[in-house]
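Okay, here's what each chain looks like letter by letter:
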Amino acid sequence: MKGIINIRLRLLVTLIDIHRIPVYLGAILYALSFNILKLRFKFYGMITLPECVELHKIARKLPNKSVIVEIGCFGGLATAYILSGCKKSCFVYSIDPFASDIPSQKKIVMGYKNRNYREAEKVSLNNKPSKRMVSKKLKSLGFKNFQLIEGFSDTVVKKWKRTIDLLWIDGNHEYEAVKNDFFNWSPYIRKGGSIVFHDANKKDGSNYWKWGLRGPSKVVNKYINLPMWKIDGRIDSMVHATKTC
Ligand SMILES: C[S@@+](CC[C@H](N)C(=O)[O-])C[C@H]1O[C@@H](n2cnc3c(N)ncnc32)[C@H](O)[C@@H]1O
């Protein structure tokens, strides 16, 4: 009985998380003002509302004809917020194996589990959204300026040629995988372009921020620094930086 009360209390405290109330209120007001709150409920995803709003803000600032790459689309939640923020002349490429090749995806997840990475639990492969389903939902909102690429980021990059204005990394969260995504894709980002990482807001060996996983956070702490990268902001587990040279 005492155990159950403790768990409920802990849940309540987590839910209330008083210092986050203004952040959430701000995000709700922003989302209402742009009529984008509904996206939160229409698309499956793993990012918080303040993070959705931050992606929308970053995308809004992008110039005409910007090229945006998302690694890790899942159900299209972040994709929808980026598409609703950027200009119609911009183009979003979103990479994910989606519901294809589940055996390969399982193998990767099992690889994590053997190493006790907690992030392995985050992406369920049961009922994984299909490319067709995500595409249909995005199109139903009138978005046309996107392409969903069914595959893994390290394969897709081999044929990649375009300069990137915004790179959003939220795929495989294992350290080596995030590091590969960073080193494979960031050379395509133009000077002044942006990079955004998810689950990356944790200082090494400290409780600097409760939302951050080891892999993405380690990449950010190790490689996202001056003179090449200037961190612009951190919101929840998201870290946003600009390429300075
Ligand atoms: C945390 S989810 C992405 C969540 C999504 N960005 C959202 O809006 O909430 C990570 C996704 O990346 C996919 N993924 C894993 N490894 C990948 C890779 N190498 N390239 C592309 N996608 C990958 C996973 O299968 C999963 O669908």
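Residues numbered from 1 in each chain as written. Predicted model: local features only at pLDDT ≥ 70, side-chain atom pairs only at ≥ 80, totals over all residues. Heavy atoms only, no water.

Student: Give me the lowdown on the overall build of the protein chain, citing residues and values where you can.
Tutor: Secondary structure assignment for the protein chain yields ten helices and seven strands. Looking at the protein chain as a whole, 47% of its 245 residues qualify as buried. Put simply, 72% of the contacts in the protein chain that link residues at least 6 apart link residues at least 24 apart. Here the protein chain has roughly 13200 Å² of accessible surface; of this, 58% comes from carbon and sulfur atoms. (Helix = DSSP H or I, 4+ residues; strand = E, 2+ residues; numbered from the N terminus. Buried < 20%, exposed > 50% of the residue type's maximum accessible area, 1.4 Å probe, protein only. Contact = heavy atoms within 4.5 Å. Areas by Shrake-Rupley, 256 points an atom, 1.4 Å probe, with all protein chains shown as cover.)

Student: So what about the site of the ligand? Which residues, and what values?
Tutor: As a matter of local geometry, the ligand sits amid 23 residues, with M46, G72, D96, K128 and D170 nearest to it. One nitrogen or oxygen atom from the main chain of A78 is found 2.9 Å from an oxygen atom belonging to the ligand. In the environment of the ligand, an oxygen atom lies 2.8 Å from a nitrogen or oxygen atom belonging to the side chain of K128. Notes on the ligand: free accessible area 590 Å², of which the protein chains cover 94%. Broken down by secondary-structure element, the contributors of at least two residues to the shell around the ligand are β1 (67–71), α5 (77–85) and β2 (91–96). (Near = heavy atom within 4 Å. Polar contact = N/O pair within 3.5 Å; in protein donor to acceptor, adjacent residues only side chain to side chain.)

Student: For the pairing of strand β5 (residues 189–197), give the residues involved together with the corresponding values.
Tutor: Where strand β4 (residues 164–169) and β5 come together, five bridges link them in parallel fashion. Counterpart to L166 in the pairing with β5 is S194. The parallel pair β4 and β5 is bridged by helix α9 (residues 175–185), and the resulting crossover is right-handed. Two strands pair when backbone bridges link them, and β5 and strand β7 (residues 238–243) are joined in this way by four bridges, in the antiparallel orientation. Bridged to V196 within β7 is H240. (Pairing = 2+ DSSP bridges. Right-handed = clockwise from strand over helix to strand, strands pointing away.)

Student: Account for the side chain of H56, naming residues and giving values.
Tutor: Assignment of secondary structure puts H56 in helix α4 (residues 49–60). When its relative accessible area of 2% is taken as the criterion, H56 is described as buried. A polar contact of 3.5 Å, which involves the side chain of H56, links it to the backbone oxygen of S84. In contact with H56, other than residues within four places in its own chain, are Y30, F34, I36, Y81, S84 and G85.

Student: Could you give an account of the packing of aromatic side chains, naming the residues involved and the relevant values?
Tutor: Going through the model one piece at a time under the given rule, you end up with nine aromatic pairs. Taken together through their ring pairs, the aromatic side chains of F182, F183, F197, Y223 and W229 make up a single cluster. Directly above the aromatic system of Y30 lies the positively charged group of K57, at a separation of 5.0 Å from the ring centroid. The ring of F43 carries K137 above its face, with NZ or CZ at 5.7 Å from the centroid. (Phe/Tyr/Trp six-rings, centres within 6.5 Å; stacked < 30°, edge-to-face > 60°. Lys NZ or Arg CZ within 6 Å of the ring centre and 35° of its normal.)

Student: Can you lay out the packing of α4 against α5 for me, pointing to particular residues and giving the numbers?
Tutor: Orientation of α4 relative to α5, taken along the N-to-C sense of each, is 35 degrees, at an axis distance of 7 Å. For the element pair α4 and α5, the recorded crossing hand is right-handed. Seen from α4, the contacting residues are L49, C52, L55, H56, A59 and R60; seen from α5, they are L77, A78, Y81, I82, S84 and G85. Counted by class, the contact of α4 with α5 contains eight nonpolar, three polar and one charged residues. (Axes fitted to C-alpha atoms, helices over the stretch in contact; angles between N-to-C directions. Left-handed = near helix turned anticlockwise from the far one by under 90°. Nonpolar A, V, L, I, M, F, W, Y, C, P; charged D, E, K, R; others polar.)

Student: Describe the sheet that holds strand β3 (residues 146–150), and please don't skip the residues or the numbers.
Tutor: The strand order across the open sheet built from seven strands is β3-β2-β1-β4-β5-β7-β6, with neighbouring strands paired in mixed fashion. Each end of this open sheet is capped by a strand with a single partner; those strands are β3 and β6 (229–235). Geometrically, the sheet is characterised by an average inter-axis angle of 15 degrees between neighbouring strands, direction not taken into account. As defined by bridge partners, β6 adjoins β7 across six bridges and the pair is classed as antiparallel. When the bridges of β7 are listed, I231 appears paired with A241.

Nothing here speaks to function; it is all geometry.
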